[in-house]
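Residues per chain, in single letters:
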Amino acid sequence: MNPFPVLVSMFHKQRLTLLLFVILVAFAVALGVAVTSQERALRQGSARAADKFELLVGAPGSQYDLVLSAVYLRLSSMELLSPSVFAALMAEPEIEFAAPIAFGDSVDAYPVVGSIAEFITYLSGPLAQGDMFARHGEAVIGADVPYRLGQSFRTLHGMPGAETEVHEHEIAVVGRMAQTYTPWDRAIIIPVEAMWETHGLPDGHLHDGADEDHDDLAETAGYDHDEDPEDHADADRIGPPFDAEALPGVPAVLVKTSNLAAAYGLRNKYRTSESQAVFPAEILVQLYALMGDARGILQWLALATQVLVVVAVLSGLVVIQQLHTTRLAILRALGASRAYVFVIVWLYFTLLVAAGTVLGLLLGYGAALLVSAYVSSLAGFTITAILGPQEFLLVGSLLFVGAALALVPAVFLFRHSAVEALRQS
Amino acid sequence: MRLAVHGLRHRFAGTDVAAAPMLDIAAINAVPGEVLLISGPSGSGKSTLLYLLSGLLKPSEGEVVWGDMDLARLGEDARDSWRRQNCGFVFQNFYLISEMTPLQNVVLAAYFTGWSAARYLDRARHLLAEFGVPDTARHADTLSRGEQQRVALARALLFEPPILFADEPTASLDAENGKQIAGLLGDLARNRNMAVIVVSHDPDLMDVADRVIRLEHGRIAAPAIGHAP
C-alpha cells in the first residue's frame, strides 16, 4: 500500500491551518532545545575558561568575586593580598609558579592586567605572533584585541567603563597570544612590575643590589638568582624572583602546583584570616548546582509546554480530521482496507508532529547559536551551543508522545463505520 | 456469476432482535449484463441495501452470495478485499479527491494495495478518453459536474470489476448530464457484461434499467419490473 498520495492531498487541503499547527509545535520545541543547549553551552564554556586556573589565592572576601575577577575578568574592587602572603606563596616548594594577577586599568574597554611571562605561556602556549614582553613598556595582547604588533597605547586608570585618568607610560604591543577561547583573549597583559610602577607602588624588586633576604627568597623559590647579577641593578627588570621587601599587594595570585595533592595542601594552608584560597572549579560547581535547580525547573516547564502544545495541536487536528471522515469512508467503499485508513490517519498526525519537532530542533539550534554569540560577547569567553543527546532525547520523546497520541484518532477511525460516515455525508 | 440475496434481514446495531428489521428482502438477483434499479422513497432502505450488497454492511440475517461465496460470512477485511476486486462505486456527489487530477483520481485504488500506480496509467487514460474527460493537470474540482461524474465512473472501472454500484448517480447533475450518465451505465452493463446496481428515482435511469425494484419501509413493495433471469 501507498498512503502518501492520499496524505499529500489531505495536507494540501488544509495547508495553511496545518502550517500554523506545525509552527506552533516548532516554537514549543525550539524553546526547549534553545534553553537546554544554551544552558549546557554556558556551563561548558565557563568551565573551559576556568580550566587552567587551578588554585587562586586572594585577600579574604567573596570567593565569587575572586573567581569572576581573576578567571573571567569581570573586574571588581577587591582587597589586596598582603605582600607577605604573596612572598610566602612564591617560596612554597611544590609550586611551578605563582603568577600575580594585577588589574585595575584598561584601554579601549580591554582590561589591562599585570602578570608574568610564565602565566602568558601557561595560558597561550607558544605566542601566535611576536615575542614575550621583556621590559616595562611592552605588552602581550589576547587573540581578540584588535591591536597590531608595534602599536603603542597608554592605559587608563580604572575598570573598563569606569576609567578616570590616563597613565603617562606608553606601552607597545610586542606579542599576541594564541586563541584561548577565554576572557583572556580580550586582555592586554603587561609586566606586573609595570602595573605596580604605574600606580606608584614598589615594583617587586630591590634595586640596591645587596639585599640578603632577596637572595634567600630567590633560592627558596628555585630561581637561579646568581646567574644574571646584572639584572639585579636593572630598574627595568621584570619577572620573578621578587623581593619580599619590595612587593606591593596583589588582587589575586594564580598558583600552579606540581600535583593535585600539593594544590589541596596549599588551599588548606592559605585559608587563613589573611588570605583565601579557592579552586575555581569548585566555585563553578557551586554555581552550577544553583543553576541546576533552575535548569531542572526550566526543562520541566519546557517539556510541559511542548506536551501541552502537542496535545492542543492534536486536538485541533482531530477536529480537522473529522472533515476527512467522509473521504476516508469513500476510500473504504472503493476497496481500501481498514489498515490503509489507519495508516493514513496515524501518519497524518505523526508526520505533522514530526515536521514541527524537526523544524523546532533547527529553530532552537539557530536561536541557541544567536544567544551563544550574544552571551559570548557579554561574558568574554566563547560559548558554543551544540545539539547534544539531551536535545535529541527531548525531540525523540515528543515524537514518541505525538506518535502515541496519534494512535487515538487512528484507532477511532479504524473502528468507525464507513457506512455511518457515508450516511452523514 | 451473479450477486444474489436470500432472506436478507437487517437491523441497526443495538436494535432489539425481536423488533421488525428495517430491511427485509426475500430475494434479489443482480446478473451480468443488466441494470438493476432500486427505487423508493427516502428512508425506504435503498442505500442500506446497496451497502449490504457491496459488503460495506454485514446483514443481521440472510445471505449475500457471490458465486459460491457468502459475503455475510466474511469478516470486514475479507469483504474489503472482495469489494476491491469485484466492485466499482459511483456516488451522488462524485467524491473525487479535489486536490488530485482526474488521472490521479482514477488510479487512486491502485495505491490501496501497491506502491505504484504506473501500470494502471494507460488504462486510466483510456477510460478518461472513453468518457470524454480531458487528461488535464488541473485539479478534479475544476471540472464540470458532468465531467466529475464521468471521472468517478472511470475510477470505478479501473480494475474492470464485474459489479458496479451507483448511489443516486444522476441526482447532482443537470438533465443533459444525467441522461449521459444514465446512458453510460446502460452501455457498461451491456457492452462490458457488468451487473450494474443503481439506487435512484431518476426516470432516465428507469429507461435504461432492465429491472426495477421498488422498496417501501424496507420491503419490496412491488414485484420487480422486467425479466429476472
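Note that this is a predicted model, so its numbers are computed, not measured.

1. A closer look at the overall build of chain B
Turning to step 1, where the next piece is worked out: Along chain B, the regular secondary structure elements total seven helices and ten strands.
Turning to step 2, where the next piece is worked out: Referenced to the eigenvectors of the C-alpha coordinate spread, the extents of chain B come out at roughly 55 × 40 × 30 Å.
Turning to step 3, where the next piece is worked out: Looking at chain B as a whole, 56% of its 229 residues qualify as buried.
Turning to step 4, where the next piece is worked out: The long-range fraction of contacts in chain B, counting pairs at least 24 apart against all pairs at least 6 apart in sequence, stands at 71%.

2. Quick word on the nonpolar core
Turning to step 1, where the next piece is worked out: Counting 120 residues, the largest nonpolar core has Leu3, Leu185 and Ile197 of chain B as the members making the most contacts within it.
Turning to step 2, where the next piece is worked out: If you tally residues by element for this core, the top one is helix α12 (residues 338-379) of chain A, at ten residues.
Turning to step 3, where the next piece is worked out: Not counting chain neighbours up to four residues away, the residues in contact with isoleucine 197 of chain B comprise Leu3, Ala30, Leu36, Ile38, Leu50, Leu53, Ile163, Leu164, Phe165 and Ala166 of chain B.
Turning to step 4, where the next piece is worked out: If you look at the next biggest cluster of nonpolar residues, it comprises 77 residues, including Phe103, Val113, Ala368 and Ala379 of chain A.

3. Quick look at the environment of proline 59 of chain B
Turning to step 1, where the next piece is worked out: Inspection of the secondary structure assignment puts proline 59 of chain B in the loop between α1 (46-53) and β4 (61-66).
Turning to step 2, where the next piece is worked out: Separated by 14 residues in sequence, proline 59 of chain B and arginine 73 of chain B place their C-alpha atoms 9.4 Å apart.

4. Structural notes on the packing of aromatic side chains
Turning to step 1, where the next piece is worked out: One pass over the full model with this rule turns up 19 aromatic pairs over all chains.
Turning to step 2, where the next piece is worked out: Centroid distance tyrosine 147 of chain A to phenylalanine 153 of chain A: 5.5 Å. Interplanar angle 40°. Geometry classified as tilted. Exposure class is identical for tyrosine 147 of chain A and phenylalanine 153 of chain A. Each is buried.
Turning to step 3, where the next piece is worked out: When the centroid spacing of 6.3 Å and the interplanar angle of 70° are considered together, the rings of tryptophan 66 of chain B and tryptophan 82 of chain B count as edge-to-face.

5. Remarks on the environment of arginine 219 of chain B
All names here are of chain B.
Turning to step 1, where the next piece is worked out: Considering the arrangement of structural elements, one finds arginine 219 in strand β10 (residues 219-225).
Turning to step 2, where the next piece is worked out: Arginine 219 sits 178 residues away from proline 41 along the chain, and the two C-alpha atoms are 12 Å apart.
Turning to step 3, where the next piece is worked out: Not counting chain neighbours up to four residues away, the residues in contact with arginine 219 comprise Ala20, Pro21, Met22, Asp24 and Arg214.
Turning to step 4, where the next piece is worked out: Among the polar contacts made by the side chain of arginine 219, one reaches the main-chain carbonyl oxygen of proline 21 at a distance of 2.9 Å.

6. A closer look at helix α5 (residues 117-124) of chain A
All names here are of chain A.
Turning to step 1, where the next piece is worked out: Three or more residues of α5 are buried, namely Phe119, Ile120, Tyr122, Leu123 and Ser124.
Turning to step 2, where the next piece is worked out: If you follow the buried residues of α5, they end up packed against β2 (95-107), β3 (110-115), β5 (138-141), β8 (188-191) and β9 (252-257).
Turning to step 3, where the next piece is worked out: After α5 finishes, the residue glycine 125 shows a positive phi value of roughly 75°.

7. Section: the interface of chain B and chain A
Turning to step 1, where the next piece is worked out: Contacts between the two partners involve 26 residues from chain B and, on the opposite side, 26 residues from chain A.
Turning to step 2, where the next piece is worked out: Our count for the chain B to chain A interface comes out at six salt bridges.
Turning to step 3, where the next piece is worked out: The partner of arginine 338 of chain A in a salt bridge is aspartate 77 of chain B, and the shortest N-O contact between them spans 3.4 Å.
Turning to step 4, where the next piece is worked out: Taken together, the connections running from chain B to chain A amount to 13 residue pairs in polar contact (both at pLDDT 80 or more).
Turning to step 5, where the next piece is worked out: Contributing elements (two or more residues each) for the side of chain B that touches chain A: α1 and α2 (76-86) of chain B.
Turning to step 6, where the next piece is worked out: At five residues, α2 of chain B tops the list of elements feeding residues into the side of chain B that touches chain A.
Turning to step 7, where the next piece is worked out: Looking at the side of chain B that touches chain A residue by residue, the class counts come to 14 nonpolar, five polar and seven charged.

8. Topic: a nonpolar patch on the surface
All names here are of chain A.
Turning to step 1, where the next piece is worked out: Taken together, the side chains of Leu16, Leu19, Ile23, Phe27, Leu359 and Leu363 define a hydrophobic patch exposed on the protein surface, amounting to about 570 Å² of accessible area.
Turning to step 2, where the next piece is worked out: Breaking the nonpolar patch down by element, the ones donating at least two residues are α2 (15-50) and α12.
Turning to step 3, where the next piece is worked out: Inspection of the secondary structure puts leucine 16 in helix α2.
Turning to step 4, where the next piece is worked out: Residue classification places leucine 16 among the exposed positions, given a relative accessible area of 68%.

9. Regarding the pattern of salt bridges
Two side chains that carry opposite charge are able to pair once their charged atoms sit near each other.
All names here are of chain A.
Turning to step 1, where the next piece is worked out: All told, the structure shown has 24 salt bridges over all chains when counted by the stated rule.
Turning to step 2, where the next piece is worked out: Arginine 135 serves as the salt-bridge partner of glutamate 138, at 2.8 Å between the closest nitrogen and oxygen.
Turning to step 3, where the next piece is worked out: Of the charged contacts, one joins glutamate 282 and arginine 271 as a salt bridge, the two residues approaching to 3.9 Å between their closest N and O atoms. Here the residue glutamate 282 occupies a position in helix α10 (residues 280-323), and arginine 271 occupies one in the loop between α9 (260-269) and β10 (276-278), the gap between them amounting to eleven residues.
Turning to step 4, where the next piece is worked out: Owing to a relative accessible area of 29%, glutamate 282 belongs among the partly exposed residues under this scheme.

10. Overview of the packing of α2 of chain A against helix α13 (residues 389-415) of chain A
Residues and elements named next belong to chain A.
Turning to step 1, where the next piece is worked out: It is the contact of α2 with α13, at a shortest axis distance of 9 Å, that shows an interaxial angle of 160°. By the angle between their directions, the pair α2 and α13 is classed as roughly antiparallel. The hand of the α2/α13 crossing is right-handed. Contact with α2, carried on its side by Val29, Gly32, Val33, Thr36, Ser37 and Arg40, involves Gln390, Glu391, Leu394, Val395 and Leu398 of α13 and no other residues of that element.
Turning to step 2, where the next piece is worked out: Class assignment of the residues belonging to the contact of α2 with α13 gives a composition of five nonpolar, four polar and two charged.

11. Quick notes on the environment of glutamate 216 of chain B
All names here are of chain B.
Turning to step 1, where the next piece is worked out: Within the element layout of this structure, glutamate 216 appears in strand β9 (residues 211-216).
Turning to step 2, where the next piece is worked out: Separated by 173 residues in sequence, glutamate 216 and glycine 43 place their C-alpha atoms 8.2 Å apart.
Turning to step 3, where the next piece is worked out: Aside from chain neighbours lying at most four places away, what touches glutamate 216 is Pro41, Ser44 and Ala221.
Turning to step 4, where the next piece is worked out: There is a polar contact of 3.1 Å between the side chain of glutamate 216 and the side chain of arginine 214.

The rules behind each value
Residues numbered from 1 in each chain as written. Chains lettered and ligands numbered in written order. Predicted model: local features only at pLDDT ≥ 70, side-chain atom pairs only at ≥ 80, totals over all residues. Heavy atoms only, no water. Helix = DSSP H or I, 4+ residues; strand = E, 2+ residues; numbered from the N terminus. Buried < 20%, exposed > 50% of the residue type's maximum accessible area, 1.4 Å probe, protein only. Contact = heavy atoms within 4.5 Å. Core = buried A, V, L, I, M, F, W, Y, C linked by side-chain atoms within 4.5 Å. Phe/Tyr/Trp six-rings, centres within 6.5 Å; stacked < 30°, edge-to-face > 60°. Polar contact = N/O pair within 3.5 Å; in protein donor to acceptor, adjacent residues only side chain to side chain. Salt bridge = Lys/Arg side-chain N within 4 Å of Asp/Glu carboxyl O. Nonpolar A, V, L, I, M, F, W, Y, C, P; charged D, E, K, R; others polar. Patch = residues over 30% accessible without salt bridge, like charges linked within 9 Å, V, L, I, M, F, W, Y side chains within 5 Å. Areas by Shrake-Rupley, 256 points an atom, 1.4 Å probe, with all protein chains shown as cover. Axes fitted to C-alpha atoms, helices over the stretch in contact; angles between N-to-C directions. Parallel < 35°, antiparallel > 145°, perpendicular 65-115°, else oblique. Left-handed = near helix turned anticlockwise from the far one by under 90°.

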